[in-house]
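Geometric and topological summary
Okay, here's what each chain looks like letter by letter:
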Amino acid sequence: METTIVNHKSKFLAIAEQTKSSLISALPLVVSEAQTALENLDIPTSRHEEWKYTRTTKLQNERFSIQKSSTASIDYRPFEALRLVFVNGVYNASLSDHEKIDGLSIRFDEEIKEQTLIGFDIASSSNFFEALQRATSTSALHIQAEKGAVIEKPIHIVHLIDAAQTLATPSIFVKVHQSASLEINESFISSDATASGLTIRQLWAQVDKNARLEYNKMQDENDLSYQMCLEDIQLADDAYSNFNTLTLNGGWVRNDLRIALNGKNIESNLSGFYLPRNKQLIDNHTKVDHRYPHCVSNELYKGILFDQSTGVFNGKVYVRKDAQKTNAYQNNANIIAGDQAVMNTKPELEIYADDVKCSHGTTTGQLDESAMWYLRSRGIGVDAARRLLTSAFINDVISKISNQQVAEFVIADLTEKNLLYV
Amino acid sequence: MLTIKNLQARVEEKEILKGLNFEVKPGEVHAIMGPNGSGKSTLASVLAGKEDYEITGGEIIFKEKNLLEMSPEVRAREGLFLAFQYPVEIPGVSNINFLKAALSEIRAYRGLPPLTAKEFLQLVNEKSKLVELDGQLTNRSLNEGFSGGEKKRNEIFQMAMLDPTLAILDETDSGLDIDALRIVANGVNAMRSPEKSFVVITHYQRLLDFIVPDFVHVLYKGKIVKSGTKELALELEERGYDWIKEEVEAQA
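Please read these numbers as outputs of a predicted model, since none were measured by experiment.

1. Brief notes about the nonpolar core
Among soluble globular proteins, nonpolar side chains are generally buried collectively. All names here are of chain A. Counting residues in hydrophobic clusters, the biggest one holds 114 residues, and the most contacted among them are Phe 273 and Leu 414. Broken down by element, this core gets its largest block of residues, nine residues, from helix 6 (residues 382-398). Residue-level mapping places this core at the junction of two domains, with at least three residues from each of domain 1 (2-262) and domain 2 (369-422). In terms of nonpolar packing, the next biggest core, distinct from the first, is built from 45 residues, Leu 203, Val 207, Tyr 215 and Ile 336 among them.

Written as C-alpha cells, this is what we have:
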C-alpha cells in the first residue's frame, strides 16, 4: 500500500524535477520552495477533512505530462471580449488578441517582472496540488487595470486542452488598482471528447480601494477531464467583487475559492451553479474571511445532481473579532434528480464578532412532484417539464451575471445540453 | 366524448371510486355535486392522470380511445383539461413561458405548426381579456403570490389558451367572490360550443346560476347515485344531502 502511494507521488515529482531542470517554470521565484513542499506533502485522500468526499484515486492512476501547445487556430468567441488564449496551460500569444486598451496592461511569462508580483502570496502552498501548481506552472498571465481605469471591454481568458493526459498548471495574476473597474470571463474547454488531463489553474487577484472586479468562470471541459481551480481574492476598503462559478460540464471538478475582505465597506458576491451528469464530480469549497467592519458578503450556490453524480459544497465564513457590523449570507440549495446521485453539503460559520448579521441555509430535495404534475397536466412532456423546473431553479444564479451577452451564452449552452427550457 | 364504465380507483389502501358510471356527449355541461369525501376530486384527478391513484377496475373511453393508457401530458394533448382546485405555484417559471411550452407541445402533437411570437401574443391578449386577467400577472411566475381569485382566473385563462374539447373544473368556484365568480363563468360560457363539453365539480349551487348545466349528478361513496337536471342542484341546495344518503342506505 505504502509503495503505491509513493509511486503515484513520484510521477508528479518527476514532472516537477523536469520543470525545474529545464528552467521552464513560469514562476521561477518559487520553484525550489514549491518543490520542497511537494516532497513533504502527501496527495490528499478522503482521510483529509477537506477531501472527504472528493476522491483522488482515479486521478492518481493517470499518467499526466506537460504538453507542447499544438493548436493552430481556435474559433471560439461566444461573446464580445478581448480574448487571451492558453493551450494546454501554455499562454499562446498568436491566438490572443493584442488590441491596446487605455489603462489596461497584459503581460505573460518573461514579461512579468518580479516587482509586479509584490503583494501576491505565491510562496505558500497548503496542499499537494497547490505545491504541484507552483512547482510546474506552465505559464503565467498578469492583467492589470490602472488607477481609475474603467475598462469597458470584457476580457475573456480561454483555456483549451487539445491533447490527452495533459498537465496544465497556469497562473493568473489580476490587479485592479484604486477606483478601477474590470470584467474578466474565463472558459475552460476541451477540443474534443478525448483531449483531457489535469488542469490546476491558480488565480491571484487584488482588488484595491474602491475598485471593482466582475468575474465569470465557465467550466466546460469533457467528461474525462480533471480540473482544479485555486482562487485567492484580496479585497481592500470600499472594493466590490462579483465572482460567478458556472460549471457547465466536467468529469472531476474541484474549486477552492478564497476571498479575504481586507478592508472596510467591501461588498463581495460569490455565486455558482453545478449540474453534474453521469458519474461527474463537482466540488465547491469556498472561504469568505471578514476581517474588518461594515462589509457584506452574499453567497449563493445551487446544484442539480443527475444520474450517478456527486456534488460537494463546503462554505466557510469567518467573521473575525474586529469585523463588527458584518452582513454575511450564505445559501446552498440542491436538487437530487438522479436515483444514485449524492450531495454532500457543509456550511461552516465561525463568528467572533458580536454585532453582526449572518445567516446560512442549506437545502437538498427532489424536483417538486406537484409542479411536475401540474406542468404535465397542461400537455408538457416529462423531459420539457424537468428542464423548465431546472431553468427556474438556477435562474437566480444566472441573474448574477451582469454581462448580458455572457448570461445569454450560458443559457444557450445549457439549452443545447438539453438542461434548460427557454 | 367521454364514457366511464364501472370505474374503481383507490389511493394507497383506500377505495374511493367504487363502480362509477358516467357519460358526457359533445356540447354538454355536466355538474357533479356531492358531500365531502364522496370522490369528486378523485374523479377529476383520475381523469387527468394523476399517478397517485391506482385504477383497480373499469374503463374510461375518451374520444374513442382508452384514456387510462395515456400519460397526463398525452391526455392534455388529446384535448382534456383540468382546472385545478388548488393550482400549483411554480416560482421562476413565468406564466407566459409555461403557456408557450404547453401550447407548442399540444400543437406539435396535433400536427399544427408552432405559433409565431406575434400570433402567440395576440392570443394571450385576447384570452386574458376574457378572464380580465391583468397583463402583469401573465408575466409573473406561475401562480406565485397570486390571490385565490387570480389563481382560479388563471386556470380559466390557461383553459382558453389551450382550447380543450373536454374541460373539468374542480371546485373552481370555491372561495370566489361574486365578481370573480361571474368572470370565471363568463370565461367558460364564452367557450361553450356544440363540440366542447364541460364537467363542473362544485359544492355550491350558486355557480350553476352562471354556468347552466344540462345535467346534474350526485356523487356519493364513490358512485353516481342520482342524476337530474339543474333543478336537482336547487333541491340539494335547499335540502342538503341527508335525503340522498337515506335513499342510498334504503336501497342497500
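Resuming the write-up.
2. A short note on the interface of chain A and chain B
Counting from both sides, the interface comprises 17 residues of chain A and, opposite them, 31 residues of chain B. Here chain A meets chain B over a buried area of about 2,000 Å², counting both sides, of which 65% is carbon and sulfur. On the chain A side of the contact with chain B, A:Trp373, A:Tyr374 and A:Arg378 bury the most area, a combined 42% of that side's loss. Here A:Arg376 ties to B:Glu73 by a salt bridge, and the two come within 2.7 Å at their closest N and O atoms. Summed over the shared surface of chain A and chain B, the number is ten residue pairs in polar contact (both at pLDDT 80 or more). Looking at which element gives the most residues to the side of chain A that touches chain B, the answer is helix 5 (residues 369-376) of chain A, with six residues. Classifying every residue of the side of chain A that touches chain B gives eleven nonpolar, four polar and two charged.

3. Some points on the domain arrangement of chain A
Residues and elements named next belong to chain A. For chain A, the domain assignment lists domain 1 (2-262) and domain 2 (369-422). Relative placement of domain 1 and domain 2: their C-alpha centres are 30 Å apart. In this assembly, 16 residues from domain 1 lie in contact with twelve residues from domain 2. The junction of domain 1 with domain 2 conceals about 1,100 Å² of combined surface from both sides, 59% of it contributed by carbon and sulfur atoms. The three residues of domain 1 that bury the most area against domain 2 are Phe 79, Leu 246 and Leu 248, which together make up 38% of that side's buried surface. Linking domain 1 to domain 2 there are six residue pairs in polar contact (both at pLDDT 80 or more). At the level of elements, strand 8 (181-190), strand 10 (212-220) and strand 12 (240-249) are the ones that each hand at least two residues to the side of domain 1 that touches domain 2. At five residues, the largest contribution of residues to the side of domain 1 that touches domain 2 is made by strand 12. Considered class by class, the residues forming the side of domain 1 that touches domain 2 number seven nonpolar, five polar and four charged.

4. Remarks on the pattern of salt bridges
For the coordinates displayed, the defined rule picks out 40 salt bridges over all chains. Of the charged contacts, one joins B:Glu51 and A:Arg376 as a salt bridge, the two residues approaching to 3.2 Å between their closest N and O atoms. Taken together, the residues span two chains, with B:Glu51 in the loop between helix 1 (40-48) and strand 4 (54-62) and A:Arg376 in helix 5. Exposure remark for B:Glu51: the relative accessible area of 59% places this residue in the exposed category. Overall, the relative accessible area of 12% leaves A:Arg376 in the buried class. Each of A:Glu49, A:Glu50, A:Lys316, A:Lys346 and A:Glu348 takes part in one network of salt bridges that share partners.

5. Considerations on the sheet that holds strand 5 (residues 155-161) of chain A
Residue and element names in this part refer to chain A. If you walk across this open sheet you meet the ten strands as 2-1-5-8-10-12-14-16-18-20, and the pairing is mixed. Whereas interior strands pair on both sides, the edge strands pair on one side only; in this sheet they are strand 2 (90-92) and strand 20 (357-365). Within the sheet, the average angular offset between the axes of one strand and its neighbour, ignoring direction, is 10°. Packed onto the sheet, helix 6 meets strand 12, strand 14 (267-274), strand 16 (296-305) and strand 18 (327-336) and runs at close to 155° relative to strand 16. Packing against the sheet, helix 7 (residues 404-416) makes contact with strand 8, strand 10, strand 12 and strand 14, and its axis sits at approximately 15° to strand 10.

6. Concerning the packing of aromatic side chains
Each pair of aromatic rings is reported with the distance of its centres and the angle of its planes. Residue and element names in this part refer to chain A. All told, the structure shown has 17 aromatic pairs over all chains when counted by the stated rule. Ring plane angle 35° and centroid distance 6.4 Å describe the contact between Phe 12 and Phe 64, whose orientation is recorded as tilted. Of this pair, Phe 12 sits in helix 1 (residues 2-21) while Phe 64 sits in the loop between helix 3 (57-61) and strand 1 (82-87), and the two are 52 residues apart along the sequence. As far as burial versus exposure is concerned, Phe 12 and Phe 64 are alike and both buried. Through a chain of ring-to-ring contacts, three or more aromatic side chains come together here, namely Phe 12, Trp 51, Phe 64, Phe 128, Phe 129, Tyr 226 and Trp 252. The side chain of Arg 212 reaches across the aromatic face of Tyr 240, ending 4.0 Å from its centre. In this arrangement the basic side chain of Arg 254 is found over the ring face of Trp 51, its NZ or CZ atom lying 3.9 Å from the centre.

7. Some points on the side chain of A:Ser225
Residue and element names in this part refer to chain A. On the secondary structure map, Ser 225 appears in the loop between strand 10 and strand 11 (226-235). A distance of 2.6 Å separates a polar side-chain atom of Ser 225 from the backbone oxygen of Asn 222. Once residues lying within four places of it in the same chain are set aside, the contact partners of Ser 225 are Ser 196, Gly 197, Gly 250, Gly 251 and Trp 252.

8. Some details on unusual backbone geometry
Residues and elements named next belong to chain A. A positive phi angle, close to 55°, is found at Asn 265, a residue other than glycine. Here Asn 265 shows up in the loop between strand 13 (252-261) and strand 14. According to the relative accessible area criterion, Asn 265 is partly exposed, its value standing at 47%. The backbone of Asn 278 sits at a positive phi, close to 50°, despite the residue not being glycine. In this structure, Asn 278 sits in the loop between strand 14 and strand 15 (281-290). Judged by relative accessible area, Asn 278 falls into the partly exposed class, the value being 40%.

9. Topic: the confidence of the model for chain B
Reading predicted coordinates in detail is not appropriate for stretches of low pLDDT. Scored by pLDDT, chain B has a mean of 93; 100% of the residues are at 70 or more. Among the scores for the predicted complex, ipTM is 0.95 and pTM is 0.88.

10. Focus: the side chain of B:Lys40
Residues and elements named next belong to chain B. Along the chain, Lys 40 turns up in helix 1. For Lys 40, which is buried and forms no salt bridge, the nearest opposite charge comes from Glu 171, at a distance of 4.4 Å. A polar atom in the side chain of Lys 40 sits 2.8 Å from the backbone oxygen of Gly 34. The residues touching Lys 40, leaving out its near neighbours within four places in the chain, are Ile 32, Met 33, Gly 34, Pro 35, Glu 171, Ile 201, Thr 202, His 203 and Leu 219.

Conventions we followed
Residues numbered from 1 in each chain as written. Chains lettered and ligands numbered in written order. Predicted model: local features only at pLDDT ≥ 70, side-chain atom pairs only at ≥ 80, totals over all residues. Heavy atoms only, no water. Core = buried A, V, L, I, M, F, W, Y, C linked by side-chain atoms within 4.5 Å. Buried < 20%, exposed > 50% of the residue type's maximum accessible area, 1.4 Å probe, protein only. Helix = DSSP H or I, 4+ residues; strand = E, 2+ residues; numbered from the N terminus. Domains from an automatic or database assignment. Contact = heavy atoms within 4.5 Å. Buried area = accessible area lost by both parts, 1.4 Å probe. Salt bridge = Lys/Arg side-chain N within 4 Å of Asp/Glu carboxyl O. Polar contact = N/O pair within 3.5 Å; in protein donor to acceptor, adjacent residues only side chain to side chain. Nonpolar A, V, L, I, M, F, W, Y, C, P; charged D, E, K, R; others polar. Pairing = 2+ DSSP bridges. Axes fitted to C-alpha atoms, helices over the stretch in contact; angles between N-to-C directions. Phe/Tyr/Trp six-rings, centres within 6.5 Å; stacked < 30°, edge-to-face > 60°. Lys NZ or Arg CZ within 6 Å of the ring centre and 35° of its normal. pLDDT = per-residue confidence, 0-100. Lys, Arg positive; Asp, Glu negative; His and termini not counted.

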